[in-house]
Amino acid sequence: MSRLRTAASKIRAALRLATSLPARLMGAAVLALLLATCAQRPSLLAQIKQLGVLRVVTRNSPTTFYFGPHGPTGFEYDLARLFADSLGVRLEIYAPLSLTDVLTAVGKGHADVGAAGLSVTAAREQHLRFGPPYQYVTQKVIYRNGEAEPNSPADLIGHRLTVLADSSHAARLADLKRQYPALAWTATDAAESQELLAQVAHGDLDYAIADSNEFALDRRYYPELRAAFDLNKPEPLAWAFRRNGDLSLYQAAIAFFARIRADGKLTQITNRYYGASEVFDYVGTRTFIHDVKTMLPRYQPWFEAAAEKTSVEWQLLAAIGYQESHWNPHAVSPTGVRGVMMLTLDTAGDLGVDNRINPKQSIIGGAQYFARMESRIPAEVSEPDRTWMALAAYNIGLGHIMDAREITRERGGNPNRWIDVRASLPLLTEKKWYSQTKYGYARGDEPLIYVANIRSYYSILNWITSRPKEPVPEAPTTASNEDVAAKQ
Ligand code: GLU
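On a predicted model such as this, the values are computed, not experimentally measured, just so you know. (Residues numbered from 1 in each chain as written. Predicted model: local features only at pLDDT ≥ 70, side-chain atom pairs only at ≥ 80, totals over all residues. Heavy atoms only, no water.)

With that out of the way, let us pick up the nonpolar core. Within the largest apolar cluster, 125 residues are counted, with the highest numbers of intra-cluster contacts made by Leu54, Phe83, Trp239, Phe303 and Trp327. With 13 residues, the next largest nonpolar core counts Val141, Leu156, Leu161 and Phe229 among its residues. (Core = buried A, V, L, I, M, F, W, Y, C linked by side-chain atoms within 4.5 Å. Buried < 20%, exposed > 50% of the residue type's maximum accessible area, 1.4 Å probe, protein only.)

Now for the site of the ligand. Neighbouring the ligand are 13 residues, the closest being Ser119, Arg124, Ser168, Asp211 and Glu214. Look at the ligand: alone it shows 290 Å² of surface, and the protein chains cover 100% of it. Across the shell around the ligand, the residue classes break down as three nonpolar, six polar and four charged. (Near = heavy atom within 4 Å. Areas by Shrake-Rupley, 256 points an atom, 1.4 Å probe, with all protein chains shown as cover. Nonpolar A, V, L, I, M, F, W, Y, C, P; charged D, E, K, R; others polar.)

This part is about the packing of aromatic side chains. All chains considered together, the criterion is met by 19 aromatic pairs. Aromatic side chains phenylalanine 65 and tyrosine 77 sit 5.9 Å apart centroid to centroid with 35° between the ring planes, which places their arrangement in the tilted category. In this pair, phenylalanine 65 is assigned in the loop between β1 (53-57) and β2 (66-68) and tyrosine 77 in helix α4 (residues 75-87), connecting sequence segments 12 residues apart. Arranged with centres 5.0 Å apart and planes meeting at 75°, the rings of tryptophan 239 and phenylalanine 257 form a pair that is edge-to-face. Linking tryptophan 239 in the loop between β13 (235-237) and β14 (240-242) with phenylalanine 257 in helix α10 (residues 248-262), this pair joins segments that are 18 residues apart in sequence. (Phe/Tyr/Trp six-rings, centres within 6.5 Å; stacked < 30°, edge-to-face > 60°. Helix = DSSP H or I, 4+ residues; strand = E, 2+ residues; numbered from the N terminus.)

Here we come to the environment of leucine 266. By secondary structure assignment, the location of leucine 266 is in helix α11 (residues 265-275). Separated by 131 residues in sequence, leucine 266 and glutamine 135 place their C-alpha atoms 10.0 Å apart. If we ignore the near neighbours within four places in the chain, the residues touching leucine 266 are Leu79, Tyr134, Ile260 and Arg261. (Contact = heavy atoms within 4.5 Å.)

Before going further, it helps to spend a moment on the environment of lysine 108. With respect to the secondary-structure elements, lysine 108 resides in the loop between α5 (99-107) and β5 (113-114). Each C-alpha atom, one on lysine 108 and one on arginine 242, is 7.2 Å from the other, the two residues being 134 residues apart in sequence.

With respect to the helices and strands, the residue alanine 227 is situated in strand β12 (residues 225-230). Between the C-alpha atoms of alanine 227 and lysine 140, which are 87 residues apart in sequence, the distance is 6.0 Å. With residues up to four places along the chain from it excluded, the contact list for alanine 227 reads Lys140, Val141, Ile142, Tyr143 and Phe215.

Running from amino to carboxyl end, helix α14 (residues 314-325) crosses helix α17 (residues 385-396) at an angle of 35°, the nearest separation of the two axes being 12 Å. The element α14 and its partner α17 pack so that their crossing is right-handed. Facing Leu316, Ile320 and Glu324 of α14, the residues of α17 in contact are Thr387, Leu391 and Tyr394. Per-class residue counts for the contact of α14 with α17 are four nonpolar, one polar and one charged. (Axes fitted to C-alpha atoms, helices over the stretch in contact; angles between N-to-C directions. Left-handed = near helix turned anticlockwise from the far one by under 90°.)

Let us look at the side chain of aspartate 218. Here aspartate 218 is to be found in helix α9 (residues 212-218). With relative accessibility at 2%, the residue aspartate 218 sits in the buried group.

Structural data, given as structure tokens:
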């Protein structure tokens, strides 16, 4: 106590001295003091490297971060992981329960980065600094199929509308209220945006607002949802940083985004999560979810047994089976392929399947056939591109995929990337191209839809089957991604 008093009186004495000095001298003293403080304090980036940890705050949702069969996954998670790797540090990711907590964590410096599908808004820019935009989205008014479609903000008046507290959606509604004074809504910090969409799907809420990227993914789980109109012009999503004088991490993020934009990684990650959603047939989704509940339980043990035997995830095998036959053991195509996994007679013989309409035999045989395709994709193709190429091979034959890789190379693309090979596949229907290939003509546009559909089924199955398994860390101290992954 007395030491404190002594220190305080020393400061007071120094202040008295300072005020008695000429202004210029005082300015110089303050500057020197500031410089000394800065020199002592390493930059945020240096601290992160020193501690070996990047603390990222996110949200638990399909567009950001969730648990898949192999542990933590999601668009923001993948980006954050890549960023942490590029800095040579461990990623510590956590997801508080509300958007408000995400913003507070960044503002107060409890997290280094907010990577949570955050919209860049003027109000937020007052106290946060945003990195480069990585996606542009619009705010969509969501309603339930069969209910009256709203056409303008005026149509929302008098209906149950809930948005997340502190969200860009709440900010937009507040703007619109000036024009539509009767506009009213509830702001909640007790739900995630996906739960609001679920409430609309179940009829517990009339309207919700979702970013277009969220809607693109969430409608696969709730096929009865419809988007009515956009509340705003496209707005950027970006990572948020604390707004203070330390720009070190922010600048590292700018360099990081420039790099992943140039080398195609950003496109690859975007495509990994959003690629399939664009071409998906939404009527099909509803049937799929219904079939997962009613039919899959009968076949799941065999998909799991096949997964055990081949080390291919059962969800992927089930997705292939659904695309091939809608899990119908008696399915037969005009070309004579049969059964749940639609094997040809030759392939079946090769795999020791003597009865193709026996679902167990078909599933195990199909899994082995897929695993064989996968093992023949050249080693330089890494995941997840390997899986997509193996699926395309399952659909039209490995030889044609090799041809498409060759064409990709010739056209200056990357034969190890599915998006590039996918773009070359339709050329196999054109004589100009297929006449130069080893395996000739193929129905090259088929695998595009085939792979996209399987990816959608697979992602829905992952979501349905992995959701309740793991609690999401809500605080940075509870778990790092490695800890979480180790528990899987
Ligand atoms: N982009 C929205 C925001 O930044 C996220 C909230 C939501 O998706 O509901 O507020």
